[in-house]
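Listed below are the residues making up each chain.
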Amino acid sequence: MKAIRRFTVRPVLPEPLRPLSDLARNLRWSWHAETRDLFQSVDPEVWATAGGDPVRLLGSVRPARLAELAGDRRFLRRLTAAADDLDDYLTGDRWYQQQADGLPAAVAYFSPEFGITAALPQYSGGLGILAGDHLKAASDLGVPLIGVGLLYRHGYFRQTLSRDGWQQEHYPVLDPNELPLTRLNEPDGTPAQVSLALPGGTALHARIWLARVGRVPLLLLDSDVEENDHGERGVTDRLYGGGSEHRLLQEMLLGIGGVRAVRTYCRLTGHPEPEVFHTNEGHAGFLGLERIAELCARGLDFDSALEAVRGGTVFTTHTPVPAGIDRFDRELVGRHFGPDAELPGIDVQRILALGMETYPGGEPNLFNMAVMGLRLAQRANGVSLLHGQVSRGMFAGLWPGFDPEEVPITSVTNGVHAPTWVAPEVLRLGARQIGAQRTEDALSVGGSERWDAVADIADQEIWELRRTLREQLVLEVRERLRVSWRQRGAGNAELGWIDDVLDPDVLTIGFARRVPSYKRLTLMLRDPDRLMDLLLHPERPVQIVVAGKAHPADDGGKRLVQELVRFADDPRVRHRIVFLPDYGMAMAQKLYPGCDVWLNNPLRPLEACGTSGMKAALNGCLNLSVLDGWWDEWFQPDFGWAIPTADGAGTDPDRRDDIEAAALYDLLEQRIAPRFYERGRGGLPDRWIEMVRQTLALLGPKVLAGRMVREYVDRLYAPAARAHRTLTPDTARDLAEWKARTRAAWRGVSVDHVETTATTATAELGSTLGLRVRVALGDLGPDDVEVQAVSGRVDAEDRITDATVVPLKAAGAPDLEGRLVYEGPLSLDRTGPYGYTVRILPTHPLLASGTELGLVAVPSQEVVEGAGMLLR
């Protein structure tokens, strides 16, 4: 019989054990080994059954066992030490508190998914894991972050395989009361809620759940409440589910409802109000509209409120392809805003204008969430150097007249939270080498000097560690494979072969990620016979562990999974290659440390960052990857291999895959496997061990989420906080009026004449030319503009590359026609073909960059022809 209602019945903890509840409710246990060890010792068998989840453990442990522990003085000493350590972690000064004054009092960080721990399955892939690592690193550093997301009652799907290898999706129902969450309540004990107005006079209500991620509160909005109708209750049913309207409602709840949840949390707890709002991908972009509405309700006009909001907003884009961005029909968006729906005080046309693709090549009827995110944020970034470059090109249409290099999108390369992803055995080795506290600092704050001690670890210790981790992975794979085959319908009598799957002494390659086509799950199968030869090589065999989920609506991705599974099912190779279903955090934490080589072969440049290889590297795993994302930025032959790409414009996709697969096979056969198996005089693979050491010492400090969050603080949060404080209602109004006046007057701005002191087409390195430029400013004044000389090497089409920009100075008063003369030197500091141009940009003390307005005046063709010549 099926129960009509479900309860979680918890035992009452004896008084001496009450601190266990606080430890379980703070997710720091998910990256704090000593706290996990404490919970495991409560009841190792129940801990394993509970999947390493302290909340489930405490809900299942026998009262008799609790009574026994309440009298166990040794356990109570450990419990007191763990509780005191957590208290010190939560209240003591950390990196952020030791910085100079002026940093933001608080930062609100919005993301559609958060991967904190397998016990809170609110993530689908890299975006969520990155968001979780961002929160954890902010907590370790003491950054006053407030996380904001949605609570999905079905999370993301669980994956199994059919007998023929087809992906099956399952959506388990999650009960918030069984998760490491607490409900946010009003002072009278009623649940704290936020509401959104819907067309037709109805409303969408959501409850606020609180997860404590160390020092960081994470607010999760849940629409499955009694006050909602059936359709509204399902808004937060699952991650990335439903059609366009369902997704729009999710994103309105995340952005608009999320700001309201932050305000509610700060009101109830006294937490400082955020000065900076960070939008992690476009899904939460509507948060800017809610903040504009807040300011308009206080008497500010829309344009002034927009400037005030932009100053304190940071937008991070994670996709290198337009198809990865949520876009909605403008009529759908328009129906959900305005007098009869949400934000009735704001003109719907102003809202729509923020997201419309009003640039060449855009779809004029589509509302683009990333475009809105960029227009509502004064600061924006991609997630690797290469991705920043790709993003500047992708969104260049928003800044017409500027080269992509000048589009105001910077980059902060992602990092990973080392305490979450580094195996306990690696942590213990570090603690033995440099001490526990220095190891913790090295993994959380970073800094290369803290990693130098890796050079002193003996070869034997490194190699024994690597074999131990590989052996643990082998046992984990066999266990998971056995479970998978039972789910596929196999009986125990058919599964004896699994005892021989993988070998702890064989070179082990890992490949695990989501399965969109551009990540090329099956590139390794391009030549099945050649792959089989590598797997079964008599002296230098290779073994491969593969995992990944295809999106439920992506049948193409599911076919790739099935193709891989069918190859791995072949009795000839099934002991050397395995596909593990249901890839998630729990599996990943075993997989990364146990692999010797981490494989990544996306179509370049479609991998924005790709952090799985970073997690592997922190455990001494070497990377084998296409030069994309972070690997393009930090690859060195000292600690990995680059797969050559065949990305010429004339190469068709099939030919490209053939070439790159052949390069992959060649690297494995001729360079990687020989290096792994060759032995020095001491019987150890000396050159391989040295690459492991270089990976840890050189890559380790770079790939940390602590380094990433420190960069966000220094380069984005601190300037955004300063802009937020400066943009008071009066200054925001002044800035909005100046922008409106500048845009209206810009048609009167021109470069009328350019001349130099150059008399020939050649000049000597180090010499200086004089530039003299006459400009018309129309209704603008000299304080409204900056006249610049732009110079540098030129290519065959006379385009300036690697430009140097020098402001020119006004010389004298305007002439009788109102024109001004600007002068300045042009230093010839590079040899070869060299050229220059001049331009006029708007300038104002409150602009983040001269490109912000997308306005530029350059010489006309007639002026260019009389302006001197290129120097060759």
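Here's what I pulled together on the structure shown here. (Residues numbered from 1 in each chain as written. Predicted model: local features only at pLDDT ≥ 70, side-chain atom pairs only at ≥ 80, totals over all residues. Heavy atoms only, no water.)

## Observations regarding the overall build of the protein chain
Helices and strands together make up the secondary structure of the protein chain, namely 29 helices and 27 strands. Relative to its length of 872 residues, the protein chain is compact, with a C-alpha radius of gyration of 29 Å against a globular reference of 29 Å. Across its three principal axes, the protein chain shows a C-alpha extent of roughly 95 × 75 × 50 Å. Counting across all 872 residues of the protein chain, residues that qualify as buried make up 57%. Contacts spanning at least 24 positions in sequence make up 73% of the contacts within the protein chain whose residues lie at least 6 apart. When the accessible surface of the protein chain is totalled, it reaches about 35,500 Å², and 50% of it is carbon and sulfur. Put simply, the protein chain has 97 plus and 119 minus side-chain charges, and the middle of one group is 4 Å from the middle of the other. (Helix = DSSP H or I, 4+ residues; strand = E, 2+ residues; numbered from the N terminus. Rg over C-alpha atoms; globule rule 2.2 N^0.38 Å. Buried < 20%, exposed > 50% of the residue type's maximum accessible area, 1.4 Å probe, protein only. Contact = heavy atoms within 4.5 Å. Areas by Shrake-Rupley, 256 points an atom, 1.4 Å probe, with all protein chains shown as cover. Lys, Arg positive; Asp, Glu negative; His and termini not counted. Charge placed at Lys NZ, Arg CZ, Asp CG, Glu CD.)

## Topic: the sheet that holds strand β23 (residues 785–794)
Strand order in the open sheet formed by three strands is β24-β23-β27, with antiparallel pairing between adjacent strands. The sheet is open, and its two borders are formed by β24 (800–807) and β27 (834–842), each paired with just one other strand. Averaged over all pairs of adjacent strands, the angle between strand axes in this sheet comes to 30°, irrespective of strand direction. The pairing of β23 with β27 spans nine bridges and is antiparallel. Bridging across to β27, V787 finds its partner in I840. (Pairing = 2+ DSSP bridges. Axes fitted to C-alpha atoms, helices over the stretch in contact; angles between N-to-C directions.)

## Quick notes on the packing of aromatic side chains
Counted according to the given criterion, the structure contains 20 aromatic pairs. Ring centres of W421 and Y592 lie 5.7 Å apart, and the angle between their planes is 75°; on these two criteria the pair is classed as edge-to-face. Here W421, found in helix α16 (residues 418–421), pairs with Y592, found in helix α22 (residues 585–594); they are 171 residues apart in sequence, far enough to count as distant. Assessed through its relative accessible area of 2%, W421 is described here as buried. An aromatic cluster is defined as three or more aromatic residues linked by ring pairs; in this entry it consists of W463, W641, F676, Y677 and W688. The ring of F511 carries R513 above its face, with NZ or CZ at 4.5 Å from the centroid. (Phe/Tyr/Trp six-rings, centres within 6.5 Å; stacked < 30°, edge-to-face > 60°. Lys NZ or Arg CZ within 6 Å of the ring centre and 35° of its normal.)

## Some remarks on the packing of helix α19 (residues 459–487) against helix α26 (residues 686–699)
α26 packs onto α19 with a crossing angle of 85° between their chain directions and a minimal axis gap of 10 Å. Viewed along their axes, α19 and α26 adopt a mutual orientation that is roughly perpendicular. Contacts from D459, I462, W463 and R466 in α19 reach D686, W688, I689, V692 and R693 in α26. Taken together, the residues that form the contact of α19 with α26 break down as five nonpolar, no polar and four charged. (Parallel < 35°, antiparallel > 145°, perpendicular 65-115°, else oblique. Nonpolar A, V, L, I, M, F, W, Y, C, P; charged D, E, K, R; others polar.)

## Observations concerning the layout of surface pockets
Roughly 910 Å³ of internal volume is contained in the second largest pocket. Those elements giving two or more residues to the lining of the second largest pocket turn out to be α11 (302–311), α13 (348–355), α14 (369–375), β13 (379–382) and α28 (729–745). Here the lining of the second largest pocket gets five residues from one element, more than from any other, and that element is α11. Across the lining of the second largest pocket, the residue classes tally to 19 nonpolar, seven polar and 10 charged. (1 Å grid on protein atoms, 1.4 Å probe; cavity = no way out; pocket = protein on both sides within 12 Å on 5 of 7 lines; lining within 4 Å. Points joined across faces, edges and corners; volume = space filled by probe spheres on them.)

## Here we look at the pairing of strand β15 (residues 507–512)
Across the six residues of β15, six count as buried, placing the element largely inside the fold. Alternating positions in β15 separate into two faces, L507, I509 and F511 on one and T508, G510 and A512 on the other, with burial throughout. As defined by bridge partners, β15 adjoins strand β16 (residues 542–547) across six bridges and the pair is classed as parallel. Note that in β16 the partner of A512 across the bridge is A547. For the segment spanning β15, helix α20 (residues 528–535) and β16, crossover handedness is right-handed. Relative to strand β18 (residues 597–600), β15 runs parallel, the two sharing two bridges. Across the sheet, the residue bridging to G510 is W598, located in β18. (Right-handed = clockwise from strand over helix to strand, strands pointing away.)

## Side note on the sheet that holds strand β25 (residues 809–810)
Pairing is antiparallel in the open sheet, where four strands are placed in the order β21-β22-β26-β25. Of all strands in the sheet, those bounded by a partner on one side alone are β21 (750–756) and β25. Pairing geometry for strand β22 (residues 768–776) and strand β26 (residues 820–827), over eight bridges, is antiparallel. The residue of β26 that forms the bridge with L769 is L826.

## Regarding helix α5 (residues 63–70)
Buried within α5 we find R65, L66, L69 and A70. Taken end-on, α5 shows its buried residues confined to a sector of 140°, consistent with a single buried face. Turned more than 90 degrees off the buried face of α5, the exposed positions are A64 and E68. (Arc of directions from axis to C-beta.)

## Thoughts on the nonpolar core
For soluble globular proteins, nonpolar side chains are generally found buried alongside one another. Core analysis: the biggest nonpolar cluster contains 108 residues, and L507, M524, I544, L624, W641, I672 and W688 have the highest contact counts within it. Those residues in contact with I544 that sit more than four places away from it in its chain are I509, M524, L531, L535, R576, I577 and V578. Y156, V262, V333 and M372 belong to the second-largest nonpolar core, a separate cluster that totals 95 residues. (Core = buried A, V, L, I, M, F, W, Y, C linked by side-chain atoms within 4.5 Å.)

## Describing empty space enclosed by the protein
If you walk through the whole model with that rule in mind, you get eight cavities of 30 Å³ or more. As for the largest cavity, its lining consists of 23 residues, of which V426, G430, W451, V454 and I457 are closest to the centre. Mapped onto the lining of the largest cavity, the elements with two or more residues apiece are α17 (424–434), α18 (436–444), α19 and α26. Among the residues forming the lining of the largest cavity, the class breakdown is 16 nonpolar, five polar and two charged.

## Concerning the environment of D53
With respect to the helices and strands, the residue D53 is situated in the loop between α3 (44–49) and α4 (54–60). Along the chain, D53 and Q193 lie 140 residues apart, while their C-alpha atoms are 28 Å from each other. With residues up to four places along the chain from it excluded, the contact list for D53 reads W29, W47, A119 and E178.

## Quick notes on the state of the cysteines
Applying the stated rule across the entire model yields zero disulfides. This cysteine, C621, is not joined by any disulfide, and C595 carries the nearest cysteine sulfur, 5.6 Å off. (Disulfide = S-S within 2.5 Å.)

## Concerning a positive patch on the surface
There is a patch of like positive charges on the surface, built from R73, R74, R77 and R78. Examined against the element boundaries, R73 turns out to sit in helix α6 (residues 73–91). Accessibility expressed as a relative area gives 67% for R73, which makes it exposed. (Patch = residues over 30% accessible without salt bridge, like charges linked within 9 Å, V, L, I, M, F, W, Y side chains within 5 Å. Salt bridge = Lys/Arg side-chain N within 4 Å of Asp/Glu carboxyl O.)

## Side note on the packing of α20 against helix α25 (residues 653–677)
In contact at an axis separation of 11 Å, α20 and α25 are set at 15° when each is read in the N-to-C sense. As far as their axial angle goes, α25 and α20 are roughly parallel. Considering only the axes of α20 and α25, their crossing is left-handed. Between α20 and α25, the contacting residues are R530, L531 and L534 on the first element and A662, Y665, D666, L668 and E669 on the second. A per-class count over the contact of α20 with α25 returns five nonpolar, no polar and three charged. (Left-handed = near helix turned anticlockwise from the far one by under 90°.)

## Quick word on unusual backbone geometry
Of note, the bond from R604 into P605 is cis; its omega dihedral lies within 30 degrees of zero at 5°. By secondary structure assignment, the location of P605 is in the loop between β18 and α23 (612–617).

## Focus on α6
Taking 1.5 Å of rise per residue, 19 residues should cover 27 Å, and α6 covers 27 Å from first to last C-alpha, within 8% of that figure. What α6 keeps buried is the set F75, L79, A82, L86 and Y89. All buried residues of α6 fall inside an arc of 90° around its axis, so they share one side. Along α6, exposed side chains directed more than 90 degrees from the buried face belong to R73, R74, R77 and T91. Elements in contact with the buried residues of α6: α1 (19–25), α2 (33–42), α5 and α7 (126–141). With a side-chain oxygen lying 3.1 Å from the backbone nitrogen of R74, the N-terminal cap of α6 falls on D72. (Expected span 1.5 Å × (residues − 1). Polar contact = N/O pair within 3.5 Å; in protein donor to acceptor, adjacent residues only side chain to side chain.)

Function-wise, these values are silent; they only describe arrangement.
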